[in-house]
Amino acid sequence: MVIDKIKKRIEYDNEDIGKKDEHRSDIPVGKWVKCSKCKEILYKDDLHKNYSVCPNCGNHFRLSSRRRVEQIIDVGTFREFDLKIKTNNPLEMEDYIKKLDILKEKTGLDEAVKCGIGNINDEKVVICVMDSNFMMGSMGKVVGEKITYSIEKAIELSLPVIIFCASGGARMQEGIVSLMQMAKTSAAVQKLNKAGLLYISVLTDPTYGGVTASFASLGDIILAEPNAMIGFAGPRVIKQTIGEDLPEGFQTAEFLLEHGFVDKVVERKEMKDTLYKLIKFNKV
Amino acid sequence: MSKVTAWEKVKIAREPDRPTALDYIENIFDDFIELHGDRYFKDDKSIVCGLGNIGKQNYTIVAEQKGRNTKENIERNFGMPNPEAYRKALRFMKQAEKFKRPIITFIDTKGAYPGLGAEERGQGEAIARNLMEMSDLKVPIIAIVIGEGSSGGALAIGVGDRILMLENAVYSILSPEGYASILWKDSSRAEEAAEKMKLTAEDLLDLGVIDEVIKEPKGNAKQDVEKMSNIIKKKIIENIKELKKLDIDELTERRYKKFRNM
């Protein structure tokens, strides 16, 4: 049984989940993967050694939450919160629960965010990492609950909070309940503020919709990965609204930096040290 | 009378002659003065802010406002706020806190405006900040969904102690068209989406998202705006009386828990 699960995870690791998407995930077929940006054929091991950043053009591949934790948290220190919560399928959508179960099997994830406590160069933090491989990182009740629980836990333990955002927005399948998670998570951030604790939000590709319009935009410090696409409305919707093409570079991390909504664009290999530095600077 | 379907309610909520926030405000409050601007960028007319009173009780009023004709609709961007509208709303809500005035919000929007400028000026940030700030404002907040309450654009003025909703109003994560388009890649299935989305006042009461359904006179608010206004007015007075009994810490803690449990 356990072996079966491990097998399935390995299969997942080798699967080309993002094949329809030009921003491919970091989980390629076989040993080789083509960079979506410069089209260079890359050896998988080299890519992973390079933080899943193309050594040729610097393209940041999307990262699974598991790899993200590996890159940010000191080896052996991550303890995932075990919440055992499930969606109650508020809209009674057919096949929704089945779809979730299949994804859980396939990805080894229990939902679109992984939350826990771990160390960054010996500094203890609460960390939440969203995973775009699970329903495009969308926020329904479980994601909202896990984020809120994590923030409350940080208040209880007086720890900083770091959230890596990657999400298409609120999860449609749970309708209005998903919308309400925006209020719930934002209220939790306000509690954290009142407790005087640091919250660093890191925007990664993609961060959109109800996640942008809630906790993602509320960090004391907001970092972003190079070229990450970040916005409220999706590019297609905006294009429909204005009836013309969007300007070059619109809604990229660099665009947000220019418009004053991001503190710093940080390359992946610098991310851990940058977070560490910011945590140290914000210590009383 | 047969039961009005969810899709029929969507259509009623969108009727061009459905009373707008200002129609109610004029009737509900003894006196009302509109005040303008977010102090950063401009005065966005898709949200109306001001001060009003019912008897001795003063209120800060924040209302999403659709136009009542084409000219007004253009001026008010069809009730679709840009970030500066939310920042204006927040400015007045913070001011309400300073002067210990309860806040009444009227929700009626197709959603936050999805334009270039809105993105450049941080639509997501503006909505997020309102959600965060409203969650612990130290005054009672009543939010009333009077027409279409769609997406984060509605919720951005909707974090209240009491959420009331008119009988034919709808409140949802997205318009049924948008929902059908995202979930089934087919916006023409909007009617089917509306029936599934649990966007009617009754459904939302069952889900615990709203606290109370306000009946509309003769089954549709436009039949008698004055009567509708009086019903809303009564509800405001009743609810404020209840909320004012709580001390402020209890009020904000209850508000936190209310959304915490959703």
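Residues numbered from 1 in each chain as written. Chains lettered and ligands numbered in written order. Predicted model: local features only at pLDDT ≥ 70, side-chain atom pairs only at ≥ 80, totals over all residues.

Chemist: Any chance you could explain the overall build of chain B here in plain terms?
Modeler: Across its full length, chain B holds twelve helices and eight strands. Its C-alpha atoms give chain B a radius of gyration of 17 Å, near enough to 18 Å, the size a compact globule of 262 residues would have. The dimensions of chain B, computed from C-alpha atoms along their principal axes, are 50 × 45 × 40 Å. Expressed as a percentage of its 262 residues, the buried residues of chain B come to 54%. Long-range pairs, those at least 24 residues apart, make up 71% of the contacts in chain B between residues at least 6 apart in sequence. (Helix = DSSP H or I, 4+ residues; strand = E, 2+ residues; numbered from the N terminus. Rg over C-alpha atoms; globule rule 2.2 N^0.38 Å. Buried ≥ 20, exposed ≤ 12 C-beta atoms within 10 Å, placed from the backbone. Contact = placed C-beta atoms within 7 Å.)

Chemist: How should I be thinking about the sheet that holds strand β3 (residues 79-80) of chain A in this particular structure?
Modeler: As a general point, the strands of a sheet are linked pairwise by backbone hydrogen bonds and lie either parallel or antiparallel. Residues and elements named next belong to chain A. Read across the sheet, seven strands follow the order β3-β4-β5-β6-β7-β8-β9 without closing on themselves; strand pairing throughout is mixed. Both outer strands of the open sheet, β3 and β9 (264-265), are each paired with one neighbouring strand and no more. In terms of strand pairing, strand β6 (residues 161-167) meets strand β7 (residues 199-207) through six bridges, oriented parallel. In the sheet register, Ser 167 faces β7, and the bridge partner there is Thr 207. Contacting β4 (113-120), β5 (123-130) and β6, helix α3 (residues 65-72) runs over the sheet at an angle of about 160 degrees to β5. Helix-sheet contacts for helix α5 (residues 141-157) involve β4, β5 and β6, and the interaxial angle to β5 is about 170 degrees. (Pairing = 2+ DSSP bridges. Axes fitted to C-alpha atoms, helices over the stretch in contact; angles between N-to-C directions.)

Chemist: Any chance you could explain the environment of Asp30(B) here in plain terms?
Modeler: Residues and elements named next belong to chain B. Within the secondary structure, Asp 30 sits in the loop between α2 (21-28) and β1 (31-35). Considering only alpha carbons, one finds Asp 30 and Thr 109, 79 residues apart in sequence, at a separation of 26 Å. Among residues more than four places away in sequence, those in contact with Asp 30 are Asn 53, Ile 54 and Gly 55.

Chemist: So what exactly am I meant to see when it comes to the interface of chain A and chain B here?
Modeler: When the parts come together, some accessible area is lost, and that loss is often what is quoted as the size of the interface. Counting from both sides, the interface comprises 34 residues of chain A and, opposite them, 37 residues of chain B. Sorting the residues of the side of chain A that touches chain B by element identifies α6 (175-194), α7 (209-212) and α8 (235-242) of chain A as the ones contributing at least two each. Considering each element in turn, the side of chain A that touches chain B owes the most residues, 13 residues, to α6(A). Per-class residue counts for the side of chain A that touches chain B are 20 nonpolar, 13 polar and one charged. (Nonpolar A, V, L, I, M, F, W, Y, C, P; charged D, E, K, R; others polar.)

Chemist: Is there a simple way to explain the nonpolar core in this structure?
Modeler: One broad rule of soluble globular proteins: the nonpolar side chains tend to lie buried together. Residues Leu203(A), Val62(B), Ala89(B), Leu131(B), Ile144(B) and Met165(B) are the most contacted members of the largest nonpolar core, which totals 146 residues. Broken down by element, the residue count for this core peaks at ten residues, all from α6(A). With residues up to four places along the chain from it excluded, the contact list for Val62(B) reads Ile47(B), Cys49(B), Ala89(B), Phe92(B), Met93(B), Ile103(B), Thr105(B) and Ile157(B). Judged by nonpolar contacts, the second largest core, of seven residues, contains Val33(A), Val53(A), Cys54(A) and Leu63(A). (Core = buried A, V, L, I, M, F, W, Y, C linked by C-beta atoms within 7 Å.)

Chemist: Could you clarify how one ought to interpret the packing of α2(B) against helix α11 (residues 225-244) of chain B in this entry?
Modeler: Helix-helix packing is characterised by the crossing angle of the two axes and by the distance between the axes. All names here are of chain B. Relative to each other, α2 and α11 sit at 70 degrees, their axes nearing to 9 Å. As the angle between them shows, α2 and α11 are arranged roughly perpendicular. In this structure, α2 crosses over α11, and the sense of that crossing is right-handed. When α2 is examined against α11, the residues Asp 23, Tyr 24, Asn 27 and Ile 28 are found in contact with a partner set consisting of Val 225, Glu 226, Ser 229, Ile 232, Lys 233 and Ile 236. (Parallel < 35°, antiparallel > 145°, perpendicular 65-115°, else oblique. Left-handed = near helix turned anticlockwise from the far one by under 90°.)

Chemist: Whenever I open this one, α3(A) confuses me. Can you help?
Modeler: Spacing of three or four residues puts side chains on the same side of an α-helix, whose turn is 3.6 residues. All names here are of chain A. Among all positions of α3, only Ser 65, Arg 67, Arg 68 and Ile 72 are buried. Down the axis of α3, the buried side of the element spans an arc of 160 degrees, and every buried residue falls inside it. The elements touched by buried residues of α3 are β4, β5, β6 and α10 (268-281). (Arc of directions from axis to C-beta.)

Chemist: Explain the pairing of strand β6 (residues 162-166) of chain B here, please?
Modeler: Each regular strand displays side chains that alternate between the two surfaces of the sheet. Residue and element names in this part refer to chain B. In terms of burial, β6 is largely enclosed, as five of its five residues are buried. The alternating pattern of β6 places Arg 162, Leu 164 and Leu 166 on one face and Ile 163 and Met 165 on the opposite face, and all of these are buried. In terms of strand pairing, strand β5 (residues 141-150) meets β6 through four bridges, oriented parallel. Bridge pairing in β6 links Ile 144 to Leu 164. Here β6 runs beside strand β8 (residues 212-214); their pairing, made up of three bridges, is parallel.

Chemist: Which parts of the structure should I look at to understand the confidence of the model for chain B?
Modeler: Parts of the model with low pLDDT should not have their predicted coordinates read in detail. Of all residues in chain B, 99% attain a pLDDT of 70 or more, and the chain-wide mean is 97. Reported confidences for the modelled complex are a pTM of 0.94 and an ipTM of 0.97. (pLDDT = per-residue confidence, 0-100.)

Chemist: Looking at this model, I keep getting lost on the environment of Leu131(B). Mind explaining?
Modeler: Residue and element names in this part refer to chain B. Along the chain, Leu 131 turns up in helix α6 (residues 123-134). C-beta crowding within 10 Å serves as the criterion here: with 29 such atoms nearby, Leu 131 is assigned to the buried category. Taking the C-alpha atoms as reference points, Leu 131 and Phe 106, separated by 25 residues in sequence, lie 15 Å from one another.

Chemist: Would you mind going over the pairing of strand β3 (residues 57-64) of chain B with me for this structure?
Modeler: Residues and elements named next belong to chain B. Most of β3 sits inside the fold, with six of its eight residues counted as buried. Bridging between strand β2 (residues 47-54) and β3 involves eight bridges; their strand directions are antiparallel. The residue bridging Val 48 from the neighbouring strand is Ala 63, located in β3. Hairpin connection between β2 and β3: a loop of two residues separates the two successive antiparallel strands, and Gly 55 in this loop has a positive phi of roughly 60 degrees.

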